[in-house]
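The primary structure of each chain is shown beneath.
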Amino acid sequence: MEFNSNLMALRLCISILIGSDSLTEETKSRIEHLLSPDALDGKTLMVVGLGSLGFPAVQQLAMSGVHRWVLVDFDTYEEDNLVKHLAQRKDIGKLKIDVAKEWILDRIPTAEISCLPINITTVEGKITFREALNNCDASMITTDNKNSRLVANRISCELRKPMIVGTVYRTGFGGDSYLYHPDSTGCFECFIDQSETISIERTVAESKAAAETETAIQDARYGRIPDKKFGLSGLASDILSISALVSRMTLTALIDASVNDEFMLATAGNSPQLSNLETHLLEVPYNIRGGEEPALQDERTVWLDTTDGQRYG
């Protein structure tokens, strides 16, 4: 399915609902000891993949106050999805992004939501994805195929936008949540490329091996392949545990808190607010928390050939 970029831009404009406060004052009071009410003001999150992993993560983030969204998914909700997806039977046949939009607006009527039913791995999709991401503060990638994750990673690196990738292990419990943050971490592709050298080698190697089978089955629907167990992710409860981790990392990346005067004052006075401030930091400098900073790792230069996707260096 292909869409004209002008139509995409038109839909982007039409579907935005302008509102003010993300949550009611009563709702804010229930979480303000954990999250500053204005921490998410003006922050826009892109979500790519609204399936059984992405949709519950969106729900959790909306309940934390995220209210500006760009939702990306060209897939529709089908009866096969009922075993894992949190949507309802009445939603069968709808685009997954429309199901998510309806849920968010029910929870936050003033939310601003843009829906893009595109495949980001196509030429047209990449263009639309890049344009939309350029106006977002971070992205959460919860698709079910490796190619889309790599496309999102490369464009996120190009635009220097924080990105959280969530994956669920096949036929078992567990998954990965990885955060790319400019100037702080390596990108997702670097993580996968170097996974053999990190401390959780066995776990990541298993996930990587499973990912290598995705190319052959990415177009298959649940239950429509010869071996119904092959290539399927875990139970709904297995997936929800990973969606909680993905949503929490996304919230931290979206807030993008830093060590500022308020944080230093809370540290010096051992303020109860310190836990609130520290919870949303990506990292705390060693000169603040003490301890010895680890030695710098060996550095190397890697070139990425954009014509063939190979890495050199």
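(A) Highlighting the overall build of the chain. In terms of regular secondary structure, the chain is built from 13 helices and eight strands. Counting across all 313 residues of the chain, residues that qualify as buried make up 43%. If you take every contact in the chain between residues at least 6 apart in sequence, the share linking residues at least 24 apart comes to 66%. Total accessible area on the chain stands at roughly 17000 Å², and carbon and sulfur atoms take up 52% of it.

(B) Examining the pattern of salt bridges more closely. What the rule picks out here adds up to nine salt bridges. For the salt bridge of K94 with E102, the shortest nitrogen-to-oxygen distance reads 3.2 Å. Exposure remark for K94: the relative accessible area of 30% places this residue in the partly exposed category. Owing to a relative accessible area of 39%, E102 belongs among the partly exposed residues under this scheme. Where salt bridges share partners, they join K90, D91, K94 and E102 into one cluster.

(C) Region of the structure containing the packing of helix α3 (residues 54–63) against helix α4 (residues 96–107). At a minimum axis distance of 10 Å, the contact between α3 and α4 shows a crossing angle of 20°. Looking at the two axes, α3 sits roughly parallel to α4. When you trace α3 past α4, the crossing you get is right-handed. Contacts from F55, V58, Q59, A62 and M63 of α3 reach α4 at V99, A100, W103, I104 and R107. Taken together, the residues of the contact of α3 with α4 sort by class into eight nonpolar, one polar and one charged.

(D) Seen up close, the sheet that holds strand β4 (residues 138–141). Taken in spatial order, the six strands make up an open sheet running β3-β2-β1-β4-β5-β6, and their pairing is mixed. Looking at strand neighbours, the two that pair on one side only are β3 (112–116) and β6 (175–180), the edges of this open sheet. Pairs of neighbouring strands in the sheet enclose a mean axial angle of 15°, with direction left out of account. Here five bridges tie strand β2 (residues 68–72) to β3, and the two strands are oriented parallel to one another. Paired with V72 across the two strands is L116, which belongs to β3.

(E) Inspection of the packing of aromatic side chains at higher detail. Taken as a whole, this structure holds one aromatic pair when the rule is applied. With centroids separated by 6.2 Å and ring planes inclined at 55°, the aromatic side chains of Y178 and F188 adopt a geometry described as tilted. In this pair, Y178 is assigned in strand β6 and F188 in helix α7 (residues 188–193), connecting sequence segments 10 residues apart. Take Y178 and F188: they sit in the same class, and that class is buried.

(F) Structural context of helix α6 (residues 146–159). Spanning 14 residues, α6 covers 20 Å between terminal C-alpha atoms, matching the ideal 20 Å at 1.5 Å per step. Those residues of α6 not exposed but buried are S148, R149, L150, V151, A152, N153, I155, S156 and L159. Phi for R160, located one or two positions after α6, is positive at around 55°.

(G) Looking closely at the side chain of H85. Structurally, the position occupied by H85 is in the loop between β2 and α4. Judged by its relative accessible area of 7%, H85 is buried. Within the structure, the side chain of H85 is placed 3.0 Å from the backbone nitrogen of A87, a separation counted as a polar contact. Residues within four places of H85 in sequence aside, it is in contact with L50, G51, S52, F55 and Y77.

(H) Structural detail: the pairing of strand β5 (residues 163–168). The buried count for β5 comes to six of six residues, which makes it a mostly enclosed element. Residue alternation in β5 divides its side chains into two sets, M163, V165 and T167 and I164, G166 and V168, and both sets are buried. As defined by bridge partners, β4 adjoins β5 across three bridges and the pair is classed as parallel. From the neighbouring strand, S139 faces β5, where its bridge partner is M163. Once the chain exits β4 it traverses α6 before rejoining the sheet at β5, and the crossover so formed is right-handed. Pairing analysis gives six bridges linking β5 to β6, with the strands arranged antiparallel. Across the sheet, V168 pairs through a bridge with G175, a residue of β6.

(I) Seen up close, the environment of T110. Tracing the backbone shows T110 in the loop between α4 and β3. Placed 42 residues apart in sequence, T110 and R68 show a C-alpha to C-alpha distance of 9.3 Å.

(J) Inspection of the nonpolar core at higher detail. Ranked by size, the top nonpolar core spans 38 residues in total, and within it L45, V47, V66, W69, L71 and M140 carry the most contacts. Of all elements in the fold, only β1 (45–48), α3, β2, α4, β3, β4, β5 and α10 (236–255) reach the threshold of two or more residues within this core. A per-element tally of this core places α10 first, with seven residues. The contacts of L45, once residues within four sequence positions are left out, are L61, V66, R68, W69, V70, A138, S139, M140, T250 and L254.

Conventions adopted
- Residues numbered from 1 in each chain as written.
- Predicted model: local features only at pLDDT ≥ 70, side-chain atom pairs only at ≥ 80, totals over all residues.
- Heavy atoms only, no water.
- Helix = DSSP H or I, 4+ residues; strand = E, 2+ residues; numbered from the N terminus.
- Buried < 20%, exposed > 50% of the residue type's maximum accessible area, 1.4 Å probe, protein only.
- Contact = heavy atoms within 4.5 Å.
- Areas by Shrake-Rupley, 256 points an atom, 1.4 Å probe, with all protein chains shown as cover.
- Salt bridge = Lys/Arg side-chain N within 4 Å of Asp/Glu carboxyl O.
- Axes fitted to C-alpha atoms, helices over the stretch in contact; angles between N-to-C directions.
- Parallel < 35°, antiparallel > 145°, perpendicular 65-115°, else oblique.
- Left-handed = near helix turned anticlockwise from the far one by under 90°.
- Nonpolar A, V, L, I, M, F, W, Y, C, P; charged D, E, K, R; others polar.
- Pairing = 2+ DSSP bridges.
- Phe/Tyr/Trp six-rings, centres within 6.5 Å; stacked < 30°, edge-to-face > 60°.
- Expected span 1.5 Å × (residues − 1).
- Polar contact = N/O pair within 3.5 Å; in protein donor to acceptor, adjacent residues only side chain to side chain.
- Right-handed = clockwise from strand over helix to strand, strands pointing away.
- Core = buried A, V, L, I, M, F, W, Y, C linked by side-chain atoms within 4.5 Å.

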